[in-house]
Amino acid sequence: APRGGGGGGGGEPFRFEARRARLDWRLLHAVDVDRMMRENDLDALESTLETVAFGDVSVEDSRNLTANNSRKILRLAQCQVEYLLHVQDTLVHHKERLRAVAERAQEDAADARAAGRDERAKAKCARAELRQARKALRTYEVLEQIRSGKPLDEILTGAILFAGGASGGAPMRLGKDSLGPSS
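Predicted, not measured: the structure shown is a model, and the values here were computed from it.

S.K.: Hey, could you run me through the nonpolar core in this one?
M.R.: Taken as a class, soluble globular proteins show a tendency for nonpolar side chains to be buried jointly. Of all hydrophobic cores here, the largest spans 12 residues; its members are Leu 23, Trp 25, Leu 28, Val 31, Val 33, Met 36, Ala 44, Leu 45, Val 52, Ile 73, Leu 76 and Cys 79. Sequence-distant contacts of Leu 28, that is, excluding residues within four places in its chain, are made with Leu 23, Thr 48, Thr 51, Val 52, Lys 72, Ile 73 and Leu 76.

Next comes the structure, spelled out in structure tokens:
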């Protein structure tokens, strides 16, 4: 479980905790610091983190605080600080990379929204052009029927039915003087 007041984005400010635990000398003696450093044994380093960080040296028996034990604890603490700085740098780099990815995603989303608006506007124009083309085609069809000699009453009846059924609105009124929708 994380300790130390949780300064990693949890919202609470960092605070030092009271040292209440005793140092685990058996664990500390089992670690060979030189071998750990040579082999880059992070498991051994992490296994000592709790006891070094939260062990209370002020209550230790002075027989345990020999020069060699004190040096070992100091060397372990140095290695832990070095490792934690590396982890911090890695997290900062990862955070910067994620921020850049998020910014690119937001830009891409804005571009996609703009492209969508453009495509909707083009589609609207295309629908309007199609309506105009259909009207023109119908007008040409009526003119062709007139030219071929079809009786005007049949032409007008068909044009009114066509215009009313195709648009779903008011029928087009065609007469001798007008071949477009009535106003």
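Here the narrative resumes, following the displayed structure.
S.K.: Where do I start with helix H4 (residues 67–147) in this structure?
M.R.: One full turn of an α-helix is made of 3.6 residues, so residues set three or four places apart face in the same direction. Counted at 1.5 Å a residue, the expected span for H4 with its 81 residues is 120 Å, and the 117 Å between its end C-alpha atoms agrees. Taken from the residues just after H4, Gly 149 is the one with a positive phi, measuring 95 degrees.

S.K.: Please clarify how a negative patch on the surface should be interpreted in this entry.
M.R.: Together, Glu 103, Glu 107, Asp 108 and Asp 111 make up a negatively charged patch on the protein surface. Relative to the assigned elements, Glu 107 resides in helix H4.

S.K.: Help me understand the packing of helix H3 (residues 42–54) against H4, please; the structure alone is not making it clear to me.
M.R.: When two helices pack together, their arrangement is given by the angle between their axes and by how far apart the axes lie. Relative to each other, H3 and H4 sit at 110 degrees, their axes nearing to 10 Å. Taken together, the axes of H3 and H4 lie roughly perpendicular to each other. For the crossing formed where H3 meets H4, the hand is left-handed. Residue-level contacts link Leu 42, Leu 45, Glu 46, Thr 48, Leu 49 and Val 52 of H3 to Ile 73, Leu 76, Ala 77, Cys 79, Gln 80, Tyr 83 and Leu 84 of H4. The residue makeup of the contact of H3 with H4, split by class, is 10 nonpolar, 2 polar and 1 charged.

S.K.: Would you mind showing me how to read a nonpolar patch on the surface here?
M.R.: Residues Tyr 140, Leu 143 and Ile 146 make up a contiguous nonpolar surface patch of roughly 310 Å² in combined accessible area. With respect to the element layout, Tyr 140 can be found in helix H4. Tyr 140 gets classed as exposed once you look at its relative accessible area, which sits at 59%.

S.K.: What exactly am I supposed to notice about H3 here?
M.R.: Taking 1.5 Å of rise per residue, the 13 residues of H3 would be expected to cover 18 Å, and the 19 Å separating its terminal C-alpha atoms lies within 8% of that figure. At Thr 48, H3 shows its maximal bend, which comes to roughly 35 degrees. Among the residues making up H3, those that are buried are Ala 44, Leu 45, Thr 48, Thr 51, Val 52 and Phe 54. Where H3 is buried, its residues contact helix H1 (25–30), helix H2 (33–39) and H4. Between the side-chain oxygen of the N-cap and the backbone nitrogen of Asp 43 there are 3.3 Å, and the N-cap of H3 in question is Asp 41.

S.K.: Would you take a moment to explain the environment of Glu 50 for this structure?
M.R.: With respect to the helices and strands, the residue Glu 50 is situated in helix H3. Here Glu 50 falls in the partly exposed class, since its relative accessible area comes to 40%. In sequence terms Glu 50 and Ala 21 are 29 residues apart; their C-alpha atoms lie 9.3 Å from each other.

Analysis parameters
Residues numbered from 1 in each chain as written. Predicted model: local features only at pLDDT ≥ 70, side-chain atom pairs only at ≥ 80, totals over all residues. Heavy atoms only, no water. Core = buried A, V, L, I, M, F, W, Y, C linked by side-chain atoms within 4.5 Å. Buried < 20%, exposed > 50% of the residue type's maximum accessible area, 1.4 Å probe, protein only. Contact = heavy atoms within 4.5 Å. Helix = DSSP H or I, 4+ residues; strand = E, 2+ residues; numbered from the N terminus. Expected span 1.5 Å × (residues − 1). Patch = residues over 30% accessible without salt bridge, like charges linked within 9 Å, V, L, I, M, F, W, Y side chains within 5 Å. Areas by Shrake-Rupley, 256 points an atom, 1.4 Å probe, with all protein chains shown as cover. Salt bridge = Lys/Arg side-chain N within 4 Å of Asp/Glu carboxyl O. Lys, Arg positive; Asp, Glu negative; His and termini not counted. Charge placed at Lys NZ, Arg CZ, Asp CG, Glu CD. Axes fitted to C-alpha atoms, helices over the stretch in contact; angles between N-to-C directions. Parallel < 35°, antiparallel > 145°, perpendicular 65-115°, else oblique. Left-handed = near helix turned anticlockwise from the far one by under 90°. Nonpolar A, V, L, I, M, F, W, Y, C, P; charged D, E, K, R; others polar. Bend = angle between axes of the 7 residues up to and from the residue. Polar contact = N/O pair within 3.5 Å; in protein donor to acceptor, adjacent residues only side chain to side chain.

It is worth stressing that arrangement in space is one thing and function is another; only the former is reported here.
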